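Structural description and commentary
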Amino acid sequence: MSSSFRLRFAFIAVALAGLAGVNAGQQISEDRDLKELDLTPWNCLNRPGGSGKSPETVERNRLKNRWVADLSGLAVKSFDIAGLLKHIADFDALTKGKRRKDLSFDEKRRLDILEAPIVSVTGYLVLAYAGPPETTNCAAVDFHDWHLEVFEQPVDHPPQPGDPTPLICEITPRTQNAIYHEGIRIQELAAFFRRPDVTYESTGHKAQKVRLTGYLLWDDEHNDNTKDVGTTIRSIARNRYHNPWRATAWEIHPVIKLERLDGAVPHVGSTASPAATAPESTPVQIPSPEAISPVLTATPLRYVTILRATKLKIPYGETVLPRGMRLPFISQDEQSVTVEYLGQRYVIPRASTDLR
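What you are looking at is a predicted structure, and each value in this text was computed from that prediction instead of being measured.

Moving on, we get to the nonpolar core. Judged by nonpolar contacts, the single largest core of 37 residues is most densely connected at Leu148, Leu212 and Leu258. For this core, the element with the highest residue contribution is strand β2 (residues 118-130), accounting for 5 residues. Those residues in contact with leucine 258, other than ones at most four positions away along the chain, are Leu148, Ile171, Ile179, Ile184, Ile186, Leu189, Val210, Arg211 and Leu212. Core analysis: the second largest hydrophobic core is formed by 14 residues, Leu321, Phe329, Ile348 and Leu355 among them.

What follows is the structure, encoded as structure tokens:
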């Protein structure tokens with residue numbers, strides 16, 4: 001190979017690497033706010049495990065892909081950020097550096113109990129941005145999560161060294177429409193917005209105090225307690241993300257309700273797209289019965305309460321449904337009840353529940 005050819009080859013390689021970097025940067029959605037989503041063309045709609053390959057990734061994705069639940073009559077425990085961190089502190093102390101596959105039976109049982117209920121957390125929404133393609137959403141760019149960085153106190157700048165780390169909360173494609181229809185717009189709540197090129201822009205107002213309601217999730221992919229998790233931001237990486245990124249591996253994910261606490265009235269429908277303002281009689285393509293969620297049906301979601309601890313075989317082992325856990329009701333007969341747990345349906349003894 002001649003020296004001139006090698007030179008040309010090296011130049012082309014560098015150019016292609018540069019183009020690859022540009023293309024990689026373009027893989028983040030250009031969305032700037034919540035909008036009406038038509039989920040029917042999404043190839044991940046009927047795949048709650050997403051495109052995950054390992055058992056623990058599939059389990060985690062099923063949790064992230066839980067649908068909106070009916071909150072009426074549901075007693076939701078509310079925390080501030082400090083209270084939430086205290087709530088999960090004992091579990092975190094036992095599982096430093098661990099992943100789901102590393103947990104003992106007792107640790108897994110404790111995790112199931114922590115991840116089952118819907119909770120609320122209050123704080124200030126400082127930063128919001130569209131998330132990158134993930135296995136949770138089958139690597140889709142347009143059907144992405146929204147990352148919300150929630151802080152105990154408002155700040156007048158994007159996250160920087162010396163600041164405390166935030167709690168990460170995420171709206172998913174399965175919960176976005178319900179939040180959008182309530183008139184919530186993240187540009188009106190967050191003080192800063194992160195563009196696809198990971199630069200920041202001000203939204204023109206202070207961080208708003210909000211209440212986020214949803215499922216607690218242990219995102220063990222970030223449970224390293226070194227790079228991602230910490231109490232104070234130490235540095236800004238070359239990709240402009242702050243490190244550590246978060247106060248805990250725990251998230252509110254999915255967020256199923258987002259409320260502003262300053263008394264302002266959401267502008268329901270004022271910026272809705274034509275799809276969002278279409279008459280209720282407009283025909284909609286409905287997915288298969290196994291994929292239908294509470295948000296897509298007119299029937300209120302019914303819950304079953306577990307009255308005695310019940311063993312349950314799950315795809316990756318065995319767990320125990322603790323007394324007091326509430327699970328979505330699917331059907332029943334004289335001896336058994338079908339419930340939904342972690343995105344799948346299971347048959348349990350009717351005598352173990354409050355159904356009579």
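Moving on from the model shown.
All right, on to the environment of glutamate 107 then. Tracing the sequence through the fold places glutamate 107 in helix α5 (residues 105-115). Here glutamate 107 falls in the buried class, since its relative accessible area comes to 12%. Sequence spacing of glutamate 107 and leucine 94 is 13 residues, and the spatial spacing of their C-alpha atoms is 8.0 Å. Setting aside residues up to four positions removed in sequence, glutamate 107 forms contacts with Phe91, Leu94, Thr95, Lys98 and Asp102. At 2.9 Å, the side chain of glutamate 107 forms a polar contact with the backbone nitrogen of serine 104.

Okay, empty space enclosed by the protein next. With the rule as written, the count across this model stands at 2 cavities of 30 Å³ or more. Contributing to the lining of the second largest cavity are Ile28, Ser29, Asp31, Tyr129, Ala130, Phe193, Arg194, Arg195, Pro196, Val198 and Tyr241. Secondary structure elements with two or more residues in the lining of the second largest cavity: β2 and β5 (192-194). Looking at the lining of the second largest cavity, its residues break down into 7 nonpolar, 1 polar and 3 charged.

Any aromatic ring pair is given by two values, namely how distant the centres are and how the planes are angled relative to each other. Under the criterion given, the structure shown has 4 aromatic pairs. Seen in terms of ring centroids, tryptophan 42 and phenylalanine 143 are 5.3 Å apart; in terms of plane orientation they differ by 15°. Their pairing is stacked. With a gap of 101 residues between them, tryptophan 42 in the loop between α1 (3-25) and α2 (55-64) and phenylalanine 143 in the loop between β2 and β3 (146-151) connect regions that are remote in the sequence. In this pair, the class of tryptophan 42 matches that of phenylalanine 143, namely buried. Taken together, the aromatic side chains of Phe91, Trp218 and Trp250 make up a single cluster linked through ring pairs. Taking the ring centre of tyrosine 129 as reference, the NZ or CZ of arginine 194 above it sits at 4.0 Å. When the ring centre of tryptophan 245 is taken as reference, the NZ or CZ atom of arginine 246 above it lies at 4.9 Å.

All buried positions along α5 are accounted for by Glu107, Lys108, Leu111, Asp112, Leu114 and Glu115. Burial along α5 is one-sided: seen end-on, the buried residues are contained in an arc of 165°.

On to the confidence of the model for the protein. Across the protein, the average pLDDT comes to 82, with 79% of residues at or above 70. Throughout residues 7-25 the model reports pLDDT below 50, and contacts reaching past four residues in sequence, or to other chains, amount to 1 contact. This model gives residues 269-300 a pLDDT under 50, and the stretch forms 33 contacts once residues within four places in sequence are excluded.

For the rest of this paragraph, the subject is the pattern of salt bridges. Here the structure, examined in full by the defined rule, presents 20 salt bridges. Note that aspartate 102 is salt-bridged to lysine 101, the shortest N-O span being 3.4 Å. Since its relative accessible area comes to 56%, lysine 101 is described here as exposed. A salt bridge links lysine 108 to aspartate 112; its shortest N-O distance comes to 2.8 Å. Placement of the pair is lysine 108 and aspartate 112 together in helix α5, with a separation of 4 residues, close to one helical turn. Accessibility assignment for this pair places lysine 108 and aspartate 112 in one class, buried. Each of the salt bridges in this network shares a partner with another, and the network as a whole consists of Glu59, Arg60, Lys64, Arg100, Lys108, Asp112, Glu115, Asp219, Asp220 and Glu221.

How each quantity is defined
Residues numbered from 1 in each chain as written. Predicted model: local features only at pLDDT ≥ 70, side-chain atom pairs only at ≥ 80, totals over all residues. Heavy atoms only, no water. Core = buried A, V, L, I, M, F, W, Y, C linked by side-chain atoms within 4.5 Å. Buried < 20%, exposed > 50% of the residue type's maximum accessible area, 1.4 Å probe, protein only. Helix = DSSP H or I, 4+ residues; strand = E, 2+ residues; numbered from the N terminus. Contact = heavy atoms within 4.5 Å. Polar contact = N/O pair within 3.5 Å; in protein donor to acceptor, adjacent residues only side chain to side chain. 1 Å grid on protein atoms, 1.4 Å probe; cavity = no way out; pocket = protein on both sides within 12 Å on 5 of 7 lines; lining within 4 Å. Points joined across faces, edges and corners; volume = space filled by probe spheres on them. Nonpolar A, V, L, I, M, F, W, Y, C, P; charged D, E, K, R; others polar. Phe/Tyr/Trp six-rings, centres within 6.5 Å; stacked < 30°, edge-to-face > 60°. Lys NZ or Arg CZ within 6 Å of the ring centre and 35° of its normal. Arc of directions from axis to C-beta. pLDDT = per-residue confidence, 0-100. Salt bridge = Lys/Arg side-chain N within 4 Å of Asp/Glu carboxyl O.

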